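Overview (structure and organization)
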Amino acid sequence: MTSLALFSLLYSVSVLTLTDSSLSSITTASKCTLLNSFQPGFVVKGDYVIGGIFPLHYNQEMPDLNGTYRPPPVNCNGFDPRAFRWAQTMRLAVEEINQNPVLLPNHTLGYKIFDSCAYPLTGQRAVLATLNGVSEENSFTHQCTNASPLLAIVGESGSAQSIVVSRILQPFRIPMISYFSSCACFSDRQKFPNFFRVIPSDDYQVKAIAQLLVHLNWTWVGLLRGDHEYGRFAVQGLLRELQETKVCVAYQEMIPLLYNRQVALKIMKVMRSSSAKVVVVFAGQGAMTPFLRDYMTQNITGIQWVASEALVTASVFSGREYYPYMGGTIGFGIKKGHISRLGDFLQTVNPKRYPDNVLVHELWESLYGCSPFPSSVTPMPPCSGQETLLEQNSAYMNTSSPRVAYNVYKAVYAIAHSLHNLLLCQPGRGPFQNNSCAQSNNIHPWQEVNFQIAGEEVDFDAKGDSVPYYDIINWQRGPEGNIEFVNVGLFDGTKAVGEELLIQEDGIKWAGHQSEVPVSVCSASCLPGFRKAVRRGEPICCFDCVPCDSGKITNQTTSVDCTICPEDFWSNKDRTACISKKVEYLTFDSLGIALTVMSVVGACFTLAVCGVFFCHRHTAIVRVNNSELSFFILFALTLCFLCSLLFIGKPTYWSCMLRHTAFSITFSLCISCILGKTLVVLAAFTATRPGHNIMKWLGPKQQRTIISSCTLVQVVICAAWLIDVPPFPSRNTQYEHSKIILECSVGSSLAFWCVLGYIGLQACLCFVLAFLARKLPGNFNEAKFITFSMLIFCAVWLAFIPAYISSPGNYADAVESFAILASSFGLLFCLFAPKSYIILLKPEKNTKQHLMGKENK
């Protein structure tokens, strides 16, 4: 609370109390008649009078205000012993101050305490009654007297009532200090310049509640508030705090100011049907008492209540009948204090000492169910007179941890200290402009007032709010089945962000007497490996869990997005971790072994044929078919079979260069030899015709030259390929993202297709020449076999092209290896199987006459 604001207001009021002419400034007439005048509950005279307004009743029956006749008085019911204790705390504080020789020496404080019935209209009448003086002859007269020397007002509890009281007091510049109005709206000094309070603003409370919801992972909650400014501003503040969190509001409901059971039943139906199991409530005991009565009749259980400071310490709900429905409630309560004399002072209040005080009678009726002075109006049985106030009457005698009562205590002392400083002000050292002591028009802040009570430092900020500090209260079952308010943590608004909330979860009992934190979510948390997909048109807390795509993972629950794995990693089956990608290449697995066996078998067959030809090199069938070219072909075929092995195994720089070059050169050598043989066969049969002597141009030397030249062209192409852009090992991650396929990149596609094209050109030329010689005479016309071999060779490599292009990774190597083996086997069997058959099985046909077709028949 700022000194200048409160000092100036108190100074203005003190000036009014010292001059008769100013008394009429408070009321428009020195004499009046109040309609339905309010009677003060307690009155004590003093040099300066403090007004006190308390909700001594929490319910009211409104009269018919149709304007056609004089309305009857408002009938307040539902006596609140807790609020009565607050009023007694104010009386105690005034008594202590008057007995203090240091604070306000030579001056006394008086008080007038009124009942607001926890309703704005009744609070308005209470403040008007407080502003008017009380007749000296009869404290309960219906006649107004001169204006009272009112210094300040301690009140009100509800924010809605405080707004009404503050606006009525503003024209008279009378300050009010609230002990329980926490609405954030009061921080606006322009609208409420005369309002101060000893309770933190709801800005801090909603921040604390938001942090609690986040801390306990309650992402789906309902909101219930009273129909007043306190509830409205608190809900607005909470929604503002929750905007940056993952907490969503399932519903917002409002308890009517004038309780309506039908509306309440609709609210309960929403609460019962909602999946939100946590309900945050901003309402006082006046609104909640009839609501909870119907709530219990509906037998609604399983709701975890989060109560604001207006409800969390309401002892009226501490009875054992409330525990099945409200047990486990958690909320933020006002910081508790210590008032040493409060317990003894409360016990002095009894019907014997105050026989004419209606409120004391109601206290006895509320605590003991009997009337100290029975009458026809109160059909309760008479009290025995032996009733004593004990600790078991917790609604009234709970002095072990006063909270709101402690705020009342601080409010009275704050007024006293402010007035004390003002009365001791010396000209030239004052808190006002130019260090003056009298500046009634200046109500702007200047410095802070602080003092100590029971060892606690009491101070206020520039907005007139107290330091934000809350106790976290949990409603737990007591030994006798009643509800006890147990402190399980605190919220210190002075701490750094993220460090304000301190909660002892192990000591909390939740709804249903459970030890585990209840769950309140719209959608269950997504397990690791799944991400959230928000449902269209619903809050972000309502979502579906969708598995992460391949290659993405999340190892956290309720992830919004999945994380892409690094390049060399892939998601596991559960999409919870990135694992190294499986590296694949044509290895010695079943496919690789099969190709290896075929390659070795082909090479062995070729060597076997070579052995047969070598052993029978002097026979006619070997000699007539040019044995030298046959051995060249067999040598080349052996290399062709063996070069397919280069395609099996992990690709390396050298193996990649050898794969295609060795294959192309060996096949070019083989086809060149076949081409040479085809030319020789064609020339041999053509030379028998008159005038043809072509064989002299196709002697052994010329044949070697043809083979060497044709092979050399391929060697040059391969050399240029290796020099320019040689093949190299590469990692293919595009075809199958979950694997790394090690393969040999051809480097230059042009060179690769040139190599294959050249072999194809040789094969086509060989096929054409062999086809032309297919009908030449002779029982063993080798041109026919060359034709068939070239047909097989061309068919294999024509089929290879689309298969190679469409095959992924290591399968491309397998296709190429298979094409090499298939074409090699085709050449081997077509060229040498018939000859081997005659050599081994039909030796009688292995004669020159038979081969030339000149054998006698």
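For the structure, see preceding data.
Below or above, wherever it landed, is the structure these notes cover. (Residues numbered from 1 in each chain as written. Predicted model: local features only at pLDDT ≥ 70, side-chain atom pairs only at ≥ 80, totals over all residues. Heavy atoms only, no water.)

**Considering the overall build of the protein**
Helix and strand content of the protein: 23 helices and 29 strands. Counting over 857 residues, the protein shows a buried share of 52%. In the protein, of all internal contacts separated by at least 6 residues, the share reaching a separation of at least 24 is 69%. Entry remark: accessible area of the protein is about 38,600 Å², with carbon and sulfur atoms responsible for 57%. (Helix = DSSP H or I, 4+ residues; strand = E, 2+ residues; numbered from the N terminus. Buried < 20%, exposed > 50% of the residue type's maximum accessible area, 1.4 Å probe, protein only. Contact = heavy atoms within 4.5 Å. Areas by Shrake-Rupley, 256 points an atom, 1.4 Å probe, with all protein chains shown as cover.)

**Digging into the sheet that holds strand β2 (residues 42–44)**
Pairing in this open sheet of 6 strands is mixed, and the strands run β2-β6-β3-β8-β9-β10 from one edge to the other. The open sheet has two edge strands, β2 and β10 (195–197), and neither has a second partner. This sheet shows a mean twist of 25 degrees between the axes of neighbouring strands, independent of strand direction. Against the sheet, helix α3 (residues 81–99) engages β2, β3 (48–54), β6 (109–115) and β8 (150–154), with an angle of about 175 degrees to β6. In this fold helix α4 (residues 120–131) packs onto β3, β6 and β8, with an angle of close to 155 degrees to the strand it touches most, β6. (Pairing = 2+ DSSP bridges. Axes fitted to C-alpha atoms, helices over the stretch in contact; angles between N-to-C directions.)

**What about unusual backbone geometry?**
In this structure, E156 follows G155 across a cis peptide bond, with omega equal to 0 degrees. One non-glycine residue, N299, lies in the positive phi region at around 55 degrees. Summarising the element assignment, N299 is placed in the loop between α9 (285–297) and β14 (304–307). For N299, a relative accessible area of 49% puts it in the partly exposed group. Phi at R575 is positive, roughly 60 degrees, even though this residue is not glycine. Assignment of secondary structure puts R575 in the loop between β25 (569–571) and β26 (578–580).

**Comments concerning the state of the cysteines**
For the structure on display, the rule yields 9 disulfides. The disulfide partner of C248 is C541, and the gap between their sulfur atoms is 2.0 Å. What sets the handedness of the C248 and C541 disulfide is the S-S torsion sign, and at about 85 degrees it is right-handed. Within this pair, whereas C248 is found in strand β12 (residues 248–255), its partner C541 is found in the loop between β21 (530–534) and β22 (543–547), the two being separated by 293 residues in sequence. No difference in accessibility class separates C248 from C541, as the two residues are buried. (Disulfide = S-S within 2.5 Å.)

**Some words on α3**
The end-to-end C-alpha distance of α3 is 27 Å, a good match for the 27 Å that 19 residues give at a rise of 1.5 Å each. Summarising burial for α3: 16 of the 19 residues are buried, a large majority. The backbone nitrogen of R82 has a side-chain oxygen 3.1 Å away, supplied by the residue at the start of α3, namely D80. (Expected span 1.5 Å × (residues − 1). Polar contact = N/O pair within 3.5 Å; in protein donor to acceptor, adjacent residues only side chain to side chain.)

**Notes on the nonpolar core**
In terms of nonpolar packing, the biggest core is built from 63 residues, with I674, W797 and F832 touching the most fellow members. When residues of this core are traced back to their parent elements, those giving at least two are α15 (590–615), α16 (620–624), α17 (627–643), α18 (653–686), α19 (700–724), α20 (749–772), α21 (782–806) and α22 (809–841). With 12 residues, the top contributor of residues to this core is α22. Excluding residues that lie within four positions of it along the chain, W797 makes contacts with F663, F667, L756, E816, A819, I820 and S823. Core analysis: the next-biggest nonpolar cluster, separate from the first, contains 61 residues, L103, L109, Y179 and A414 among them. (Core = buried A, V, L, I, M, F, W, Y, C linked by side-chain atoms within 4.5 Å.)

**Points about the packing of aromatic side chains**
Enumeration according to the criterion identifies 35 aromatic pairs in this entry. Ring geometry for Y230 and F282: centres 6.4 Å apart, planes at 75 degrees, overall edge-to-face. With Y230 in helix α7 (residues 229–242) and F282 in strand β13 (residues 278–282), this residue pair connects regions lying 52 residues apart in the sequence. Judged by centre distance (6.3 Å) and plane angle (80 degrees), the rings of F605 and F829 are edge-to-face. With a gap of 224 residues between them, F605 in helix α15 and F829 in helix α22 connect regions that are remote in the sequence. Relative accessible area serves as the criterion here: at 43%, F829 is assigned to the partly exposed category. Members of the aromatic cluster, connected to one another through ring pairs, are F42, F79, F84, Y354 and Y396. Positioned over the ring face of F196 is R189, at 4.7 Å from the centre of the ring. (Phe/Tyr/Trp six-rings, centres within 6.5 Å; stacked < 30°, edge-to-face > 60°. Lys NZ or Arg CZ within 6 Å of the ring centre and 35° of its normal.)

**Remarks on the side chain of R225**
If you trace the backbone, R225 turns up in strand β11 (residues 220–226). Look at R225: it is buried, it has no salt bridge, and the nearest opposite charge is D227 at 4.7 Å. Not counting the four nearest positions on each side in its chain, R225 is found in contact with G231, R232, V235, E253, M254, I255, F282 and A283. (Lys, Arg positive; Asp, Glu negative; His and termini not counted. Salt bridge = Lys/Arg side-chain N within 4 Å of Asp/Glu carboxyl O.)

**Topic: the sheet that holds strand β28 (residues 728–732)**
With mixed pairing, 3 strands are arranged side by side in an open sheet as β27-β29-β28. Here the strands that pair on one side only, and so sit at the sheet edges, are β27 (582–584) and β28. Neighbour-to-neighbour, the strand axes of the sheet open up by a mean angle of 25 degrees, direction not taken into account. With 5 bridges connecting them, β28 and strand β29 (residues 739–745) associate as antiparallel partners. Bridging from a neighbouring strand, F728 pairs with S745 of β29.

Note that all results are geometric; they support no functional claim without further evidence.
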